[in-house]
Amino acid sequence: MAPVDVVVSGVGLAVSGIAGPDDLLRRTPVVEGGDDPARRLTGKGLRYKDRATRLALCAGRDALADAGLLGDPGLTVPGETVGVVVSSNYGNVDTVCDTVSTIAAETYAGLSPMTLPATASNVTASWLAIWFRLRGANLTMCSGATSGLDAVNWGRLLVLAGRVDRVLVVGVEPANAPVRHLVSGGRSNSAADLRLFDGAAALVLESAASVRDRGVEALAALGPYARKADQPAAVAAVRRTDPRPVDMWFGGGPGGPAGTTELTSHDLTSYHGHCSGALGVLQCVAGTAWLSGHDRGAVLASSDGDGADAAAALLLTAGAGAR
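Residues numbered from 1 in each chain as written. Predicted model: local features only at pLDDT ≥ 70, side-chain atom pairs only at ≥ 80, totals over all residues. Heavy atoms only, no water.

Remarks on the overall build of the protein
Item 1. When you go through the protein residue by residue, the secondary structure sums to 10 helices and 10 strands.
Item 2. Counting over 323 residues, the protein shows a buried share of 51%.
Item 3. Long-range pairs, those at least 24 residues apart, make up 74% of the contacts in the protein with a sequence separation of at least 6.
Item 4. Of the roughly 14200 Å² that the protein leaves accessible, carbon and sulfur atoms contribute 52%. (Helix = DSSP H or I, 4+ residues; strand = E, 2+ residues; numbered from the N terminus. Buried < 20%, exposed > 50% of the residue type's maximum accessible area, 1.4 Å probe, protein only. Contact = heavy atoms within 4.5 Å. Areas by Shrake-Rupley, 256 points an atom, 1.4 Å probe, with all protein chains shown as cover.)

Here's what the structure looks like:
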C-alpha cells in the first residue's frame, strides 16, 4: 500500500439550515428558506459577486480557519504556498445570462465595466485567491457529475507535485432561476420536480509534512482515487489499490462496494438535492466529519449521474491524531 502523503487539515460549509459538517449526515431533508449562509459574508467588494462566489468565500474562509491558516489580520502562511481548486458546473451562469440579456436589450453600452470580468468561468476560484491572498496554482473544474472528486484529486496532485504545500478545494453550486432553467432544459414543470443543492463545501488539503511542521492535526487522509466509465469500475479500481474494510459509503446510486455486507451508507443527494459539481467535495467533508470522531476507519465516496459516461471514487481514512 502506498504511503499517504496528503491529508485534510480543515473543512468548511455554507449550506442553509446546516450548522456544520456533522449535520450533513442527518437523514431528513433540510427545510428550504432557512438562514442564508451568504449573509455571513460582510465587507466591501461584494456588490458584483455572484451567489456561487459568495457561498464559496464563506465555506473557504471556514475551512482555512479550521486548518489554522487564517489569523489576524489574514493568512498565517506565505500566500504562494496555498493553491485553489474549485468545482462548479453551474457557477456564475446567472451572471452570464444577465449579461446576455442586457446586451440583447441595450447592446454592450448597457453593461457595467464591472460585469464582463465576472462572466469568466473561473471567477469563483479567482476571487477565492484574491480575497484570501492565495497565490499558488489556481484551477477550476467543471467536468460534470465527477467534478467534485476530480477537484479533490487535482488538489492532491498539486501538493504531491510540489507546486504548493496546501490547497483550498471548494465545491459550490447555486440554486437560482438560470440554473433551474438550464437543468430543466427550459421545461418549467421538470424544474419544479428537481430539488437543487444551494451551497458550498470546502476542504484544505495539505502535505503530511506541512501539517507536522505546523503542529496541527490531520482530520483525515486521502487514499486512492479512480475515474472510470461507470461507478462499479471506479469503486473496484479503488478497492484493488486499498482493500481495507470500508466503514462508510457515500454513493450516488444503490448499493455499496462489492463484497461488503455490514456498511453504513449515505446518499447526500437524497437529503440535500441535486449537488452536481459540489457533490464530491460535500461527500469528502461529510466523510471527514465522520472520521474525526473515530481513531480508525475508511470512507469510500463515489460520484456519478444518470446517463453519465464517467464515475469517480475516492477513499478517505482517519488521519493520525484526528481531532
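Still more ground to cover, so stick around.
Re the pairing of strand 9 (residues 298–303)
Item 1. Within strand 9, six of the six residues are buried, which leaves it mostly tucked inside the rest of the structure.
Item 2. Relative to strand 9, strand 7 (residues 248–250) is paired through three bridges, and the arrangement is parallel. The residue of strand 9 that forms the bridge with Phe250 is Ala301.
Item 3. The pairing of strand 9 with strand 10 (residues 311–318) spans six bridges and is classified as antiparallel. Opposite Val299, over in strand 10, you have Leu316 as the bridge partner. (Pairing = 2+ DSSP bridges.)

Brief notes about the nonpolar core
Item 1. Ranked by internal contacts, the top residues of the largest apolar core, which has 46 residues, are Val8, Val152 and Leu203.
Item 2. Per element, the largest residue contribution to this core is eight residues, and it comes from helix 10 (residues 279–291). (Core = buried A, V, L, I, M, F, W, Y, C linked by side-chain atoms within 4.5 Å.)

Structural notes on the packing of helix 1 (residues 51–66) against helix 3 (residues 123–132)
Item 1. Running from amino to carboxyl end, helix 1 crosses helix 3 at an angle of 45°, the nearest separation of the two axes being 9 Å. In this view, helix 1 runs oblique relative to helix 3, as classed from their interaxial angle. As for how helix 1 packs across helix 3, the hand of that crossing is right-handed. Judged by residue contacts, Ala52, Thr53, Ala56, Leu57, Gly60, Arg61 and Leu64 of helix 1 engage Val123, Thr124, Trp127, Leu128, Trp131 and Phe132 from helix 3. (Axes fitted to C-alpha atoms, helices over the stretch in contact; angles between N-to-C directions. Parallel < 35°, antiparallel > 145°, perpendicular 65-115°, else oblique. Left-handed = near helix turned anticlockwise from the far one by under 90°.)

Side note on the sheet that holds strand 2 (residues 82–87)
Item 1. Taken in spatial order, the 10 strands make up an open sheet running 3-2-4-5-1-6-10-9-7-8, and their pairing is mixed. Both edges of this open sheet fall to strand 3 (138–141) and strand 8 (264–266), since each of them pairs with a single strand only. Here the strands of the sheet are splayed against their neighbours by 25° on average, with no regard to which way each runs.
Item 2. The pairing of strand 1 (residues 6–15) with strand 6 (residues 220–228) spans two bridges and is antiparallel.

Considering helix 3
Item 1. Where helix 3 is concerned, the buried positions are Val123, Thr124, Ala125, Leu128, Ala129 and Phe132.
Item 2. Among the structural elements, helix 1, strand 2, strand 3 and strand 4 (166–173) are those in contact with the buried residues of helix 3.
Item 3. Arg133 occupies a position one or two residues after helix 3 and carries a positive phi of about 60°.

Re the pattern of salt bridges
Item 1. Tallying each qualifying case throughout the model produces seven salt bridges.
Item 2. A salt bridge links Arg244 to Asp242; the nearest nitrogen and oxygen atoms lie 3.0 Å apart.
Item 3. Classification of Arg244 as partly exposed rests on a relative accessible area of 28%. (Salt bridge = Lys/Arg side-chain N within 4 Å of Asp/Glu carboxyl O.)

Description of the packing of aromatic side chains
Item 1. Applying the stated criterion across every chain, the model contains zero aromatic pairs.
Item 2. Across from the ring centre of Trp127, 3.4 Å away, lies the NZ or CZ of Lys49, which sits over that ring. (Phe/Tyr/Trp six-rings, centres within 6.5 Å; stacked < 30°, edge-to-face > 60°. Lys NZ or Arg CZ within 6 Å of the ring centre and 35° of its normal.)

Re unusual backbone geometry
Item 1. Here Asp72 and Pro73 are connected by a cis peptide whose omega angle stands at 20°.
Item 2. Inspection of the secondary structure puts Pro73 in the loop between helix 1 and strand 2.
Item 3. Even without being a glycine, Arg133 presents a positive backbone phi close to 60°.
Item 4. Locating Arg133 in the fold gives a position in the loop between helix 3 and strand 3.
Item 5. Owing to a relative accessible area of 59%, Arg133 belongs among the exposed residues under this scheme.
Item 6. Of note, the phi angle at Ser276 is positive, near 50°, even though the residue is not glycine.

Overview of helix 5 (residues 177–184)
Item 1. Every buried residue belonging to helix 5 is among Pro178, Val179 and Ser184, and all of these are buried.
Item 2. A side-chain oxygen of the first residue of helix 5 lies 3.1 Å from the backbone nitrogen of Val179; this N-cap is Asn176.
Item 3. In the stretch just after helix 5, Gly185 is the one whose phi turns positive, near 70°. (Polar contact = N/O pair within 3.5 Å; in protein donor to acceptor, adjacent residues only side chain to side chain.)

Looking at the environment of Ala202
Item 1. If you trace the backbone, Ala202 turns up in strand 5 (residues 199–207).
Item 2. Looking at Ala202, the relative accessible area reads 0%, which means it is buried.
Item 3. In this structure the C-alpha to C-alpha distance between Ala202 and Val285, which are 83 residues apart in sequence, comes to 7.1 Å.

Some thoughts on the pairing of strand 6
Residues in a regular strand point their side chains to alternate faces of the sheet.
Item 1. As defined by bridge partners, strand 6 adjoins strand 10 across seven bridges and the pair is classed as antiparallel. Note that in strand 10 the partner of Ala226 across the bridge is Ala313.

Quick word on the packing of helix 4 (residues 147–160) against helix 10
Item 1. Helix 10 packs onto helix 4 with a crossing angle of 65° between their chain directions and a minimal axis gap of 5 Å. The angle between helix 4 and helix 10 falls in the class roughly perpendicular. Within the contact between the two elements, helix 4 uses Gly148, Leu149 and Val152 and helix 10 uses Gly280, Val281, Gln283 and Cys284.
Item 2. Among the residues making up the contact of helix 4 with helix 10, the classes are represented as four nonpolar, three polar and no charged. (Nonpolar A, V, L, I, M, F, W, Y, C, P; charged D, E, K, R; others polar.)

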